[in-house]
Amino acid sequence: MGKVTGFMEYERLAEANLPVVDRVKNYKEFVLHLTDDQAKQQGARCMDCGIPFCTTGCPVNNIIPDWNDLVYSQDWRGAIDVLHSTNNFPEFTGRICPAPCEAACTLNINADPVGIKSIEHAIIDKAWENDWVTPQVPNHKTGKKIAIVGSGPAGLAAAQQLARVGHDVVVLEKNSRIGGLLRYGIPDFKMEKFHIDRRMTQMEAEGVEFRVNQHVGANVQADALLAEFDAVILAGGAEQPRDLPVPGRKLDGVMYAMDFLTPQNKVVAGDTVPNQVMATNKNVVVIGGGDTGSDCVGTSNRHGALSITQFELMPQPPEKENKELVWPNWPLKMRTSSSHEEGANRDWSITTKELIGENGKVTHLKGCKVEWKDGKMSEVAGTEFTIKADLVLLAMGFVSPVQKLLDVFGVEKDNRGNAKATTEGLDSYKTSKAKVFAAGDVRRGQSLVVWAIREGRQAAKAVDEFLMGSSTLPR
Ligand SMILES: Cc1cc2nc3c(=O)[nH]c(=O)nc-3n(C[C@H](O)[C@H](O)[C@H](O)COP(=O)(O)OP(=O)(O)OC[C@H]3O[C@@H](n4cnc5c(N)ncnc54)[C@H](O)[C@@H]3O)c2cc1C
Ligand code: SF4
């Protein structure tokens, strides 16, 4: 613990953001990492608790008190080594993790938690600036070959871990670029894509082979992979979006959020996307109050939408949680993202009854208020309304993986249609099919980047044990 009285002396300091008027003019990141002095002071707020609840709150179990202390003493090299020991990609999580660790911080009981994510962000940026992120090339090869289907954070974490213990790892990706939702879901203004590119360079030097435009179950056959490789990890994500079965769903201008977000990321990357749907001068309605919906708000603002309204079916959460009841768990409370700060009307307890159009194009949305009792929803009489809607973006989450990926391997599914595999014990991450493993959203359902990294790491250890009888990889 760097400074015994730090938590009493220093306030939590949020990272600075570029002003809204400037940042909505482009797709660049706008969150500035802490300066060295600021990070030192924020690190000093850590109390180095006997039981570090932050570490258990973090899905990759980052050893947070240790790197807080190292940053306090300005040992940045030591800090990145500790951080990398549990997290392959802190530059992703330091930018886009919702930081469940901070909800679990002991200071959060009666004060503002340590700004853990901002310190993580500062450490990894410093490490890249100083060329401390270098390939860890294995000193022996095992001769074992592993195919990883999907290049999101789960696939990338698994690939890096397995390559570092000497296996030949091939990552197969159906898209033309590597990164999964990091690349084609999460907008550049939250995380620019050069972060993925430079990790790819590192991983290639470590021995990972990336193959793009490889759609397993379409132009690549599952049987061929099973014949060629000693193990296969399915890391294909949960790509099946939840639909909105209301009259008017098929009108032009009603689309899944991903069909709106992905083309924009491609355009930022320099691709030409014919017929890209733009929000420019449109009344945009986003249905769904989560991360994906918030990203649609941010992107619509950058397109220059006329108005943006976001509806959520669930009731408006409380402004503040009851900490005595929920700490150290992730609380349900009102969250306002940076995209919301850029401008949007938000409303809760709203259901969509109908989408209305003219000449095949959506023009209005008809909805009403709902109320929730004992987990059941009912419409509130007399609350019907109609609003203008030229573009309706469906951001109501993802129900499961695309079933075909699981079917071509013949793996058993759980009752939500995910690949069935436990995370504990001798069979961890193993599917019902011999030598086929599953990790990330394809196994746990729609989740977070940090959970995908955790599962990729743990699945890598399970595969290493399966192939070699034991493993030196951390779990
Ligand atoms: C718009 C949006 C914003 C988000 N924002 C955040 C955020 O801010 N913070 C956060 O923590 N989480 C966020 N998430 C969630 C997070 O992105 C996911 O939980 C995470 O990416 C899951 O990682 P994964 O590796 O399991 O799968 P994915 O990232 O989905 O990657 C799966 C990859 O597998 C490929 N694939 C699928 N099937 C095949 C096949 N048959 N053959 C070959 N390749 C295949 C896909 O093309 C994809 O590249 C967001 C999600 C979305 C949709
Ligand atoms: S990865 Fe997420 S939960 Fe873990 S320390 Fe970083 S911000 Fe916190």
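Residues numbered from 1 in each chain as written. Chains lettered and ligands numbered in written order. Predicted model: local features only at pLDDT ≥ 70, side-chain atom pairs only at ≥ 80, totals over all residues. Heavy atoms only, no water.

> Quick one: what's the story with helix α6 (residues 76–84), residue by residue and with numbers?
Every buried residue of α6 is listed here: W76, G78, A79, I80, V82 and L83. Summarising the contacts, the buried residues of α6 are in contact with α3 (36–44), α5 (64–72), α7 (90–96) and α9 (116–129). (Buried < 20%, exposed > 50% of the residue type's maximum accessible area, 1.4 Å probe, protein only. Helix = DSSP H or I, 4+ residues; strand = E, 2+ residues; numbered from the N terminus. Contact = heavy atoms within 4.5 Å.)

> Can you break down the site of ligand 1 residue by residue, with the values?
Lining the immediate surroundings of ligand 1 are 37 residues, of which I96, E173, K190, V216 and D441 lie closest. One of the backbone N or O atoms of I96 is found 2.8 Å from a nitrogen atom in ligand 1. Calculation on ligand 1 without its partners gives an accessible area of 990 Å², and the protein chains cover 97% of this total. Elements represented by at least two residues in the shell around ligand 1 include exactly α10 (153–164), α14 (257–268), α15 (291–303) and α20 (449–468). Counting residues per element, the shell around ligand 1 draws most heavily on α15, at 3 residues. Counted by class, the shell around ligand 1 contains 17 nonpolar, 13 polar and 7 charged residues. For the shell around ligand 1, the two domains that each supply at least three residues are domain 2 (145–239 + 399–468) and domain 3 (243–396). (Near = heavy atom within 4 Å. Polar contact = N/O pair within 3.5 Å; in protein donor to acceptor, adjacent residues only side chain to side chain. Areas by Shrake-Rupley, 256 points an atom, 1.4 Å probe, with all protein chains shown as cover. Nonpolar A, V, L, I, M, F, W, Y, C, P; charged D, E, K, R; others polar. Domains from an automatic or database assignment.)

> I'd like a rundown of the pattern of salt bridges, residues and numbers included.
For the structure on display, the rule yields 32 salt bridges. A salt bridge links E228 to K145; the nearest nitrogen and oxygen atoms lie 3.2 Å apart. Remark: K145 occurs in strand β3 (residues 145–149) and E228 occurs in helix α13 (residues 222–228); sequence separation between them is 83 residues. Ionic pairing is found between K461 and E465, a salt bridge with its closest N-O pair at 3.9 Å. Note that K461 and E465 are positioned in helix α20 at a spacing of 4 residues, about one turn of the helix. Accessibility expressed as a relative area gives 36% for E465, which makes it partly exposed. (Salt bridge = Lys/Arg side-chain N within 4 Å of Asp/Glu carboxyl O.)

> Please provide a residue-by-residue account of the site of ligand 2, values included.
Neighbouring ligand 2 are 13 residues, the closest being C58, N62, C97, C101 and E120. At the level of elements, α8 (100–104) and α9 are the ones that each hand at least two residues to the shell around ligand 2. By residue number, the principal contributor to the shell around ligand 2 is α9, which donates 3 residues. Grouping the amino acids of the shell around ligand 2 by side-chain chemistry returns 9 nonpolar, 2 polar and 2 charged.

> Break down α5 for me, citing the residues and quoting the values.
For α5, a buried count of 7 out of 9 residues is recorded, marking the element as mostly surrounded by other parts of the structure. Those residues of α5 lying buried are I64, P65, W67, N68, L70, V71 and Y72. For α5, the elements touching its buried residues are α3, α4 (53–57), α6, α8 and α9. Once α5 ends, the next one or two residues include Q74, with phi positive near 60°.

> Explain the sheet that holds strand β5 (residues 208–211) to me, and be specific about the residues and the numbers.
Pairing is parallel in the open sheet, where 5 strands are placed in the order β5-β4-β3-β6-β18. Edge positions in the open sheet fall to β5 and β18 (436–438), since each of these has one partner strand only. Pairwise comparison of adjacent strand axes, ignoring direction, gives a mean angle of 20° for this sheet. As paired strands, strand β6 (residues 231–234) and β18 are joined by 3 bridges and run parallel to one another. Looking at the pairing, L234 lines up with A438 of β18. In this fold α20 packs onto β3, β6 and β18, with an angle of close to 165° to the strand it touches most, β6. (Pairing = 2+ DSSP bridges. Axes fitted to C-alpha atoms, helices over the stretch in contact; angles between N-to-C directions.)

> Let's hear about the state of the cysteines: which residues, and what values?
Inspection of every chain in the model, using the stated rule, returns 0 disulfides. For the unlinked cysteine C46, the closest cysteine sulfur is that of C54, found at 6.2 Å. (Disulfide = S-S within 2.5 Å.)

> Give me the lowdown on the domain arrangement of the chain, citing residues and values where you can.
In terms of domain boundaries, the chain breaks down into domain 1 (6–129), domain 2 (145–239 + 399–468) and domain 3 (243–396). The gap between the C-alpha centroids of domain 2 and domain 3 is 30 Å. At the interface, 11 residues of domain 2 touch 13 residues of domain 3. Roughly 1000 Å² is buried in total at the junction of domain 2 and domain 3, and carbon and sulfur atoms are behind 51% of that figure. A per-residue breakdown of the area domain 2 buries against domain 3 is headed by R177, Y184 and F189, which together make up 51% of the total. Linking domain 2 with domain 3 are 2 salt bridges, by the criterion used here. Salt-bridge contacts for D271 lead to R177; the nearest nitrogen and oxygen are separated by 2.8 Å. Summed over the shared surface of domain 2 and domain 3, the number is 5 residue pairs in polar contact (both at pLDDT 80 or more). (Buried area = accessible area lost by both parts, 1.4 Å probe.)

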